[in-house]
Amino acid sequence: MTAPFAWIRPEPHGIHVAPANCWIDPSQPVANALVTHGHADHARGGHGRTIATPETLAIMELRYQTREGGLPAHYGETLRLPGDVSATFVPAGHVLGSAQIVLEHAGERVVVTGDYKRMPDPTCPPFEPVACDVFVTEATFGLPVFCHPPIEQEIAKLLAARERYPERCVLVGAYALGKAQRVIVELRRAGHHDVIWLHGAMERMCRLYEELGVPLGDLRLVTDAKKEELRGAIVICPPSALNDRWSRRLPDPITAMASGWMRVRQRARQRNVELPLVISDHADWGELTATIEEVNPQESWITHGREEALLRWCQLHQRRARALALVGYEDEDD
């Protein structure tokens, strides 16, 4: 008799769906890949065939020059894979195009979340819980200390700093895929409709978001601005540019960073961040545990972060769980 869930196996470089000869978010090139979203710790070029949402395929083409072998999977669409395996992509709420992958075979259902969050995000569809037998969950912020505040609170802090120091600019470090666009849209929702200035590395992804139906308002490049135009302005840049020579052209910038890691003061100090903004595109501790309770799987497989604490929580709540030993998955400055 075949053991339960023997058809899906965690391997160091990804999750192997054996009957279909495919891999989920593999960290090395494979013949058949199912990709949850476009961040570099989940997506890469070099696969023979890549199945992902249309938005993720567009993001991968921009970032990794993957122009061939893409097969789009729309939300809610069920694909029939070899070996009598079906795969359905449902929203994960992480970034534009992000998806959970629902796999069914031999009467068993496995949900692989990739990265996800439960907080509302106007740049992407919200997470949809799917009942399952095995729930493969991330644990980037899998410690009780991580409790993300409402994003409106953090955006208010950003706008207050701008008002308080009109002779300076606010320089916000934000990851180029997802975080930057979310911050921009939340600023617009809060009533900030002035020009938002961009580091050059942010432009192409922002333009792609607009092409894919996410309006971002008036965006311009810092290189096109005079220094006086940037006083009282908000500037978005990659986290690596916060203390780079590039920032010296700006008028006495207030350095801010949008990341769930800004909950940890030492992280803010290490980056010389004056204005930490606790804004994350990952589920916090409360969302992780509440989601496991809502989905109510027979077993949870935990990966991508602080597996030990979430594993212990499952044990204390009489829930079967195991930690996976996948390699190549990082938090990418969230």
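Residues numbered from 1 in each chain as written. Predicted model: local features only at pLDDT ≥ 70, side-chain atom pairs only at ≥ 80, totals over all residues. Heavy atoms only, no water.

1. A few points about the sheet that holds strand β17 (residues 275–277)
Now for step 1: Pairing is parallel across the open sheet formed by six strands, whose spatial order is β14-β13-β15-β12-β16-β17. Each having just a single partner strand, β14 (219–221) and β17 make up the two edges of the open sheet. Strand-to-strand, the axes of this sheet are offset by a mean angle of 30 degrees, without reference to chain direction.
Now for step 2: Packing of helix α2 (residues 151–164) onto the sheet brings it into contact with β12 (170–173), β15 (234–237), β16 (254–258) and β17, and relative to β17 it is tilted by some 155 degrees. (Pairing = 2+ DSSP bridges. Helix = DSSP H or I, 4+ residues; strand = E, 2+ residues; numbered from the N terminus. Axes fitted to C-alpha atoms, helices over the stretch in contact; angles between N-to-C directions. Contact = heavy atoms within 4.5 Å.)

2. Focus: the state of the cysteines
Now for step 1: Tallied over the full model, the rule gives zero disulfides.
Now for step 2: C22 carries a free sulfur, and the closest cysteine sulfur to it, the one in C132, is 17 Å from it.
Now for step 3: Take C22: its relative accessible area is 2%, and that puts it in the buried class.
Now for step 4: The cysteine C124 is free of any disulfide, with C206 supplying the nearest cysteine sulfur at 15 Å.
Now for step 5: C124 gets classed as buried once you look at its relative accessible area, which sits at 8%. (Disulfide = S-S within 2.5 Å. Buried < 20%, exposed > 50% of the residue type's maximum accessible area, 1.4 Å probe, protein only.)

3. What about the domain arrangement of the protein chain?
Now for step 1: Each assigned domain of the protein chain is listed with its residue range as follows: domain 1 (8–145 + 282–323) and domain 2 (151–277).
Now for step 2: Put simply, the middle of domain 1 and the middle of domain 2, counted by C-alpha atoms, are 29 Å apart.
Now for step 3: With 20 residues of domain 1 in contact, the opposing surface of domain 2 contributes 17 residues.
Now for step 4: When domain 1 packs against domain 2, the two sides together hide about 1,600 Å² of surface, and 73% of this comes from carbon and sulfur.
Now for step 5: Run the count over domain 1 and domain 2 and you get one salt bridge.
Now for step 6: Where R182 meets D121, a salt bridge forms, and the shortest distance between an N and an O atom there is 3.9 Å.
Now for step 7: Counting the contacts that link domain 1 with domain 2 gives three residue pairs in polar contact (both at pLDDT 80 or more).
Now for step 8: Partitioned by chemical class, the residues of the side of domain 1 that touches domain 2 number eleven nonpolar, four polar and five charged. (Domains from an automatic or database assignment. Buried area = accessible area lost by both parts, 1.4 Å probe. Salt bridge = Lys/Arg side-chain N within 4 Å of Asp/Glu carboxyl O. Polar contact = N/O pair within 3.5 Å; in protein donor to acceptor, adjacent residues only side chain to side chain. Nonpolar A, V, L, I, M, F, W, Y, C, P; charged D, E, K, R; others polar.)

4. Some points on the pairing of strand β2 (residues 14–17)
Now for step 1: Bridge count for strand β1 (residues 8–11) against β2 is four bridges, and the pairing is antiparallel. In the strand pairing of β2, R9 is matched with H16.
Now for step 2: What sits between the antiparallel neighbours β1 and β2 is a turn of two residues.
Now for step 3: In terms of strand pairing, β2 meets strand β3 (residues 22–24) through three bridges, oriented antiparallel. Along β3, the bridge assignment pairs I15 with I24.

5. A few points about the packing of aromatic side chains
How two aromatic rings sit relative to each other is given by the distance of their centres and the angle of their planes.
Now for step 1: Applying the stated criterion across every chain yields a total of five aromatic pairs.
Now for step 2: Between Y116 and F135 the ring centres are 6.4 Å apart and the planes differ by 65 degrees, which places this aromatic pair in the edge-to-face class. One end of the pair, Y116, is in the loop between β10 (108–112) and β11 (134–139); the other, F135, is in strand β11, and 19 residues separate them in sequence. Exposure class is identical for Y116 and F135. Each is buried.
Now for step 3: Between F141 and F146, the aromatic rings sit 4.8 Å apart at their centres with planes inclined by 70 degrees, giving edge-to-face as the arrangement. In this structure, F141 and F146 share a single accessibility class: buried.
Now for step 4: An aromatic cluster is present here, built from Y116, F127 and F135 joined pairwise through their rings. (Phe/Tyr/Trp six-rings, centres within 6.5 Å; stacked < 30°, edge-to-face > 60°.)

6. Digging into the nonpolar core
Now for step 1: V172 and I236 are the most contacted members of the largest nonpolar core, which has 38 residues in total.
Now for step 2: Each of two domains, domain 1 (8–145 + 282–323) and domain 2 (151–277), supplies a minimum of three residues to this core.
Now for step 3: When near neighbours in sequence (up to four residues on either side) are disregarded, V172 contacts L158, I234, V235, I236, C237, L242, A256, A258 and L277.
Now for step 4: Residues I24, I51, V112 and V134 belong to the second largest nonpolar core, which totals 25 residues. (Core = buried A, V, L, I, M, F, W, Y, C linked by side-chain atoms within 4.5 Å.)

7. A short note on the sheet that holds β3
In a beta sheet, neighbouring strands are held together by backbone hydrogen bonds and run either parallel or antiparallel to one another.
Now for step 1: Spatially, β1-β2-β3-β4-β5-β6 is the arrangement adopted by the six strands of the open sheet, whose pairing is mixed. The sheet terminates laterally at β1 and β6 (70–72), the two strands that pair on one side only. Adjacent strand axes in the sheet meet at a mean angle of 25 degrees, parallel and antiparallel pairs treated alike.

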